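These are the residues of each chain, in order.
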Amino acid sequence: KNDAIILGGSIIGKRQLMLDILENELKMNTFDLMTIQNYIEGIQLIELQEIIIAALKKENYTIDKYSLINYVIHLAVRLFFSQSENYKPEFHQTEIEMSQAVLHIDQIVNTIYNDVKAHYATAYFSKEDIYNISVLMFSRATPDSIEVMNLDEIKKIIGDEAYTILNEILVSVYATYSVNLYDDNFIFRFGLHLKNLLLRSRQHLKIANASLNGIKETFPLVFAIAVHIASIINKCLDQRLSEEEISFIALYVGIISEEKKIGSRTLRCALIIPDHYAIQTAMIRRLEHHFKNSITVESMGPDLSTAFIKENSVDLMITTFQTEIVTSVPIVYVNQILTNQDINHIQYYIDNTNKLKAQNIIRTQILRFFNEHIFFTRQNFTKRDQVIDFICDSMFSQGLAEAEFKSQIYEHEEVCSSSYGGVAIAHPLSGVSAKSSIAVLIQHQAIEWGYGKVNMVFIFTLKESDKDLFSNVFNLITDLIQDKQSLNLLLNVSSFSEFVELILNSSSKNSAI
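Below: a short report on this structure. For clarity, every value in this text was computed on a predicted model and none was experimentally measured. (Residues numbered from 1 in each chain as written. Predicted model: local features only at pLDDT ≥ 70, side-chain atom pairs only at ≥ 80, totals over all residues. Heavy atoms only, no water.)

### So, the packing of aromatic side chains
Each pair of aromatic rings is reported with the distance of its centres and the angle of its planes.
Right, on to step 1. One pass over the structure, following the stated rule, counts eleven aromatic pairs.
Right, on to step 2. Residues Phe-375 and Phe-496 carry aromatic rings whose centres are separated by 5.6 Å and whose planes lie at 65 degrees to one another, so their mutual orientation is edge-to-face. Residue Phe-375 is located in strand 7 (residues 370-377), and its partner Phe-496 is located in helix 20 (residues 496-508); the two are separated by 121 residues in the primary sequence.
Right, on to step 3. On the basis of relative accessibility, which here comes to 9%, the residue Phe-375 falls in the buried class.
Right, on to step 4. Between Phe-381 and Phe-390 the ring centres are 5.1 Å apart and the planes differ by 45 degrees, which places this aromatic pair in the tilted class.
Right, on to step 5. On the basis of relative accessible area, Phe-381 is assigned to the buried category, the value being 16%.
Right, on to step 6. Counting every residue linked through ring pairs, the aromatic cluster contains Tyr-177, Tyr-420, Phe-460, Phe-470 and Phe-474.
Right, on to step 7. The ring of Tyr-420 is capped by Lys-216, whose NZ or CZ atom sits 5.4 Å from the centre of that ring. (Phe/Tyr/Trp six-rings, centres within 6.5 Å; stacked < 30°, edge-to-face > 60°. Helix = DSSP H or I, 4+ residues; strand = E, 2+ residues; numbered from the N terminus. Buried < 20%, exposed > 50% of the residue type's maximum accessible area, 1.4 Å probe, protein only. Lys NZ or Arg CZ within 6 Å of the ring centre and 35° of its normal.)

Okay, here's the thing in structure tokens:
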């Protein structure tokens, strides 16, 4: 009426409708409070944001931008409706008791409550209101600095339940993917996240974060590990985590796994330069500055000879001497004082040496997992379950999978869809098989898979002695599908031999020195 919408119903219902409208507005815009200021009259969103930031800073806490804006909106909506004469504050004792378990929540909530009360004296709300809407925000806030703690101290902070689940996750991820998450910083930070995740799930608090969109497709291996972790948490909670929650787990796993991956990619390097202290010291210092996560100087000498090469088993040689010696080890020639051109030259050789090593793994170890008897093209399936049944039954009949393999694949789909863009990559979330194999199905007709559609399906399983190759297998598949030229060629392969040739050509692309 008169260009105004009049809503009837409860305060809770009205508030939820407004929150839904504002969350949809956020999804359509950059993370900017000004885009939604006009929706909430009488409440200054920037002012609220400054109050929250100051309260967090006082206790040495920080929060990501999206979660902060989300919290500002919830607080603003609560204040907006608290100005109504019919407003009654809500009080849920269980929420307050649980939220008090979060570090420093009392001090932070007290500060926010007192500062908001000072700015909005006519609004009617209680400290319990602030507690109730703060639970989700505090599940995202983290301390600025974390001191290294022993496991007993961590256990006291995150509680017995979260600590038990955390240990199960660490053991299971290593057993299944050979990814070592045992790191003091990861254990404490992810332990806090896990504790708050359990709190959110039992309070039925959902997270909606537009910044998480694309994590699954951009970092598929990390997301696959996060799905495995989610399956463990699901069993403990007896409920299913959302894909947003799994994406948050992937963020934590991604940081530590990248550090571990960098370490595993370090090349062993020999340095052949003049026997002069100043030159050697300057050279090593410069190399460490630029390549500390890429190479390790394992040996050093003043003479590049055949004997030196035989005595030192390395991946790369860096030298200031010219030589006509023929060796399979790449040799990088540099100046005695490294120039920017030398730095770029070394990086080029590092990248290509790593590509050659990866290609060698594919040729010598992974190609044997593919089998023409479980390679399928020109099928006409339309549903996910049809494909899973067909492939798993084929693998079982060929003696390449156990009877329970099919149920393990469906378990994966129950936790989270295995589709990554237009490709599905499914594998058991636990256990190992007697044999290692990769089944492939490619067809032009799109297959309904989860919330999307796919044209290619990879279903694989690894035996105990091959589990170290999980990341190599996963990266091989994702590298293929992320390269547009390779993807188009894949969609049009007509035979197994053509498929194998495509894998070899793709893996060797740009790898020749």
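### Side note on the nonpolar core
Right, on to step 1. Membership of the largest hydrophobic core comes to 75 residues, with the highest contact counts inside it found for Ile-169, Ile-229, Ile-233, Ile-246, Ile-249, Phe-370 and Phe-499.
Right, on to step 2. It is helix 11 (residues 220-237) that provides the largest number of residues to this core, a total of twelve residues.
Right, on to step 3. If sequence neighbours within four positions are ignored, Ile-249 has contacts with Phe-190, His-193, Leu-197, Ala-226, Ile-229, Ile-233 and Leu-241.
Right, on to step 4. Counting residues in hydrophobic clusters, the runner-up holds 24 residues, among them Ala-55, Tyr-61, Tyr-71 and Ala-76. (Core = buried A, V, L, I, M, F, W, Y, C linked by side-chain atoms within 4.5 Å. Contact = heavy atoms within 4.5 Å.)

### What about empty space enclosed by the protein?
Right, on to step 1. In the structure shown here, the tally under the stated rule is three cavities of 30 Å³ or more.
Right, on to step 2. Lining the largest cavity are twelve residues, with Thr-176, Pro-428, Gly-431, Leu-462 and Phe-470 sitting closest to its centre.
Right, on to step 3. Among the elements of the structure, helix 8 (160-177) and strand 11 (452-461) are those that each provide at least two residues to the lining of the largest cavity.
Right, on to step 4. Of the residues that constitute the lining of the largest cavity, the class distribution is six nonpolar, five polar and one charged. (1 Å grid on protein atoms, 1.4 Å probe; cavity = no way out; pocket = protein on both sides within 12 Å on 5 of 7 lines; lining within 4 Å. Points joined across faces, edges and corners; volume = space filled by probe spheres on them. Nonpolar A, V, L, I, M, F, W, Y, C, P; charged D, E, K, R; others polar.)

### Details of the sheet that holds strand 8 (residues 419-420)
Right, on to step 1. Strands sit in the order 7-10-11-9-8 across an open sheet of five strands; the sheet is mixed. Edge positions in the open sheet fall to strand 7 and strand 8, since each of these has one partner strand only.
Right, on to step 2. The pairing of strand 10 (residues 437-449) with strand 11 spans nine bridges and is antiparallel. Residue Leu-441 lies in a different strand from strand 11, and its bridge partner there is Val-457. (Pairing = 2+ DSSP bridges.)

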